[in-house]
Amino acid sequence: YEFGKREGGEILFWSMKNPLHPCKRIKTSDDVVSLDFSSTAPNLLAAGFRDGSVMIFDIREPGHEPVLKSTHIKGMKSKHSDAVWGVNWIQSGNTGGQSLTSISSDGSVLMWNMKKGLEPKEIMQLKRIPNPAVLQGSSKVDVISREAGALSVDFFNSKQQNLYIAGTEDGIVHKCSTLYSEQTLENYIGHTGPVYAVKCSPYSDLFLSCSADERIILWDHKSTKPILQIKKDKDAVQGLAWSPYDSCVFASISRDSCLKVWDLATSAINPVVSESVPTFKQETSPDITDLNSKAAVSNAGSPEMSHAGSPDRPSSPLEEEKKVPPPNLTCVTFAPNSPVILVGGNDGVVRVYRLTGVEATTQSSPDDHAQQAERLLKTLGLNNDSQAFN
């Protein structure tokens with residue numbers, strides 16, 4: 001991203017049946033930096049923008065206009081004043097409905113009322129506090145702003161989805177509640193750089209954080225002492241994702257174009273897969289089979305890249321002259337019902353990888369959920385004080 005070139009953004013909708021052309025395209029006036037679908041109304045997509053705006057799109061509708069959007073109202077806080085790095089739909093009470101929340105680098109967490117347009121209510125203003133991990137014994141800290149710039153957020157997957165975790169530019173992770181806005185419930189100090197992602201386990205009280213300090217930390221939200229610290233990257237770790245079908249598996253991406261898959265049941269030190277994502281080189285007339293094929297990832301070794309742009313494909317003299325650097329990886333997620341990992345980069349390409357030897361289930365029963373939670377806690381040597389969410 002170049003700050004001097006704001007040309008608007010796009011939201012693209014894809015099907016694996018046709019990787020050459022998106023199913024739907026929504027053009028936006030500003031850069032999109034966060035997205036989240038509603039689980040109760042899957043046609044509704046919330047989007048957060050670099051200019052602080054929040055919009056809701058009904059993907060059934062044609063055109064590019066949102067059904068709801070935040071507006072600037074002079075004299076009151078009607079939107080964020082900086083980039084919205086997270087939008088999240090959360091359960092609201094026992095009605096089965098959902099509310100929309102957003103978090104921004106302006107330090108505020110907003111909950112949006114959708115009855116009359118988009119009306120925000122501030123539920124938290126994160127305050128900057130000294131980070132002892134950075135100060136290293138010094139009591140001096142330069143404070144430019146009292147607000148803590150938030151870069152990441154995630155909510156716990158509990159029946160009462162009011163607890164959430166927020167990562168900040170200062171390296172501190174905060175635990176907050178949508179029901180209590182006076183102050184944070186807990187502060188987790190371990191990182192020495194901006195926290196680019198936080199991800200709550202779908203099975204337990206545990207959560208992951210990653211940072212520009214090149215580390216991944218595993219926490220139990222009831223304790224400020226890290227359970228596990230991983231440092232295997234040589235650059236900033238910029239994204240995390242828990243596997244939806246195995247409580248011990250998660251993925252991470254780093255700025256040096258490396259995708260890693262971790263299985264805590266196998267090793268808490270080394271990833272089971274480490275793949276350097278290559279530069280994408282599209283042929284003049286790309287073959288749909290090549291573009292649609294995925295990288296097969298096995299626990300026994302590295303992925304075999306078979307899509308267009310494979311490092312095994314000889315480079316033409318023109319390509320040799322115009323060397324394109326590998327992508328800066330920006331986001332990662334698992335498909336919810338298949339052993340597939342999707343990785344986004346600053347080159348505008350979404351790469352799809354398939355994990356071999358993994359059985360993905362579309363739904364899990366409460367018993368399966370409890371067994372996954374017990375497996376994770378047993379793997380980490382934790383007792384049942386770290387209770388599972390049923």
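Residues numbered from 1 in each chain as written. Predicted model: local features only at pLDDT ≥ 70, side-chain atom pairs only at ≥ 80, totals over all residues. Heavy atoms only, no water.

Draft legend 1. Representation of the pattern of salt bridges. For the structure shown, the criterion picks out 13 salt bridges. A salt bridge links K231 to E214; the shortest N-O distance between them is 2.9 Å. Taken as a pair, K231 in the loop between β18 (228-230) and β19 (237-242) and E214 in the loop between β16 (206-211) and β17 (216-220) lie far apart in primary sequence, 17 residues in all. The partner of K222 in a salt bridge is D220, with the nearest N and O atoms 3.4 Å apart. Overall, K222 belongs to the partly exposed group, its relative accessible area being 44%. Under the relative-accessibility criterion, D220 is labelled buried at 9%. Shared partners join several salt bridges into a network, and the residues in it are E10, R25 and K27. (Salt bridge = Lys/Arg side-chain N within 4 Å of Asp/Glu carboxyl O. Helix = DSSP H or I, 4+ residues; strand = E, 2+ residues; numbered from the N terminus. Buried < 20%, exposed > 50% of the residue type's maximum accessible area, 1.4 Å probe, protein only.)

Draft legend 2. How the structure looks around the environment of P226. Following the sequence through the fold, P226 ends up in the loop between β17 and β18. Considering only alpha carbons, one finds P226 and I189, 37 residues apart in sequence, at a separation of 8.8 Å. If we ignore the near neighbours within four places in the chain, the residues touching P226 are I217, L218 and W219. (Contact = heavy atoms within 4.5 Å.)

Draft legend 3. Representation of the environment of I253. If you trace the backbone, I253 turns up in strand β20 (residues 249-254). Linking I253 and A241, residues 12 residues apart in sequence, is a C-alpha distance of 9.2 Å. Setting aside anything within four residues of it in sequence, one finds I253 in contact with A236, V237, Q238, G239, C258, L259, L329, T330, C331, V332 and V343.

Draft legend 4. Structural view of the packing of aromatic side chains. Scanning the model with the defined rule gives 9 aromatic pairs in all. Arranged with centres 5.2 Å apart and planes meeting at 75°, the rings of Y188 and F207 form a pair that is edge-to-face. Residue Y188 is found in strand β14 (residues 186-189), and its partner F207 is found in strand β16; the two are separated by 19 residues along the sequence. Overall, the relative accessible area of 0% leaves Y188 in the buried class. (Phe/Tyr/Trp six-rings, centres within 6.5 Å; stacked < 30°, edge-to-face > 60°.)

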